[in-house]
Every structure is written in structure tokens, then in C-alpha cells.
Amino acid sequence: MSQSEIFGIIKISATRLFLSLNFVWLTCLRTLFQFTSFPCLLQEEAYLARVKELDEVTSERDQKRREHEAMRKQRLDEFMAGFSVITTKLKEMYQVKLSQ
């Protein structure tokens, strides 16, 4: 084996070692990226899902609040109508008694 062949084999071996080290380094970086980046993305997705759920619950609460206010107003209106009828009847009864 000549000296140039030996240097060629060493050069090929060194190149393969360099490439394999680069591959290991890139694999480590990719793994590091997966464990650092994706949880942030998952946390953001979870946060956005919770915000959406909060918006839905808030709109449902507001709808129920409007229904409650409408029913409370209806109850007050019906009470005042009945109270007005009773008041009118009482006034009529006392005027009849006073005029006799």
C-alpha cells in the first residue's frame, strides 16, 4: 500500500467520522428542539383551547343572564298589573262605603 492510498483511507475515515459526528450533533439538536419547542406549542394550543372554552362559557352565562333578567322583568310587570287591579278594587270598595 502506498502512502497516498493510506492518506486516502485516512481521509475517507476522517470524513466518515466527521459526517457521523455531524449526524449525531444534528440528531441531538433535533431531539433538543422537540423537547423544548413542542411543549411550548402544546402549551399554547392548550391555552388557546382554554380561552375558546372560556369564551363559550362566558357567552352561555351572558345568555342565561339575559334570560333571567327578562323573566325577572316579566314577573315584576305581572306583579304590578295584579297590584294595580287590587289597588283599584280596594279604592272602589272604600269609595262605595264612604258614599253610603
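Preceding block: the structure.
The shown structure was predicted, so the numbers you read here are calculated from the model rather than taken from an experiment.

A. Fine view of the overall build of the chain. The secondary structure content of the chain amounts to one helix and zero strands. Taken across its 100 residues, the chain has 0% of its residues classed as buried. Surface exposure of the chain reaches about 9,800 Å², of which carbon and sulfur atoms provide 67%.

B. Highlighting the packing of aromatic side chains. For the structure on display, the rule yields one aromatic pair. Aromatic pair F79 and F83: ring centres 6.0 Å apart, planes at 25°, arrangement stacked. Note that F79 and F83 are positioned in helix α1 (residues 3-99) at a spacing of four residues, about one turn of the helix.

C. Local environment of the pattern of salt bridges. For the structure on display, the rule yields five salt bridges. Close ionic contact of R50 with E53 constitutes a salt bridge, the shortest N to O distance being 3.6 Å. Taken together, the residues R50 and E53, both in helix α1 and three residues apart, mark about one turn of the helix. For R50, a relative accessible area of 58% corresponds to the exposed category. D62 is the partner of R61 in a salt bridge, and the nearest nitrogen-oxygen pair spans 2.9 Å.

D. Expanded view of the environment of R61. The residue R61 is located in helix α1 in this model. For R61, a relative accessible area of 44% puts it in the partly exposed group. Among the polar contacts listed, one links the side chain of R61 to the side chain of D62, at a separation of 2.9 Å.

Reading the values: rules and limits
- Residues numbered from 1 in each chain as written.
- Predicted model: local features only at pLDDT ≥ 70, side-chain atom pairs only at ≥ 80, totals over all residues.
- Heavy atoms only, no water.
- Helix = DSSP H or I, 4+ residues; strand = E, 2+ residues; numbered from the N terminus.
- Buried < 20%, exposed > 50% of the residue type's maximum accessible area, 1.4 Å probe, protein only.
- Areas by Shrake-Rupley, 256 points an atom, 1.4 Å probe, with all protein chains shown as cover.
- Phe/Tyr/Trp six-rings, centres within 6.5 Å; stacked < 30°, edge-to-face > 60°.
- Salt bridge = Lys/Arg side-chain N within 4 Å of Asp/Glu carboxyl O.
- Polar contact = N/O pair within 3.5 Å; in protein donor to acceptor, adjacent residues only side chain to side chain.

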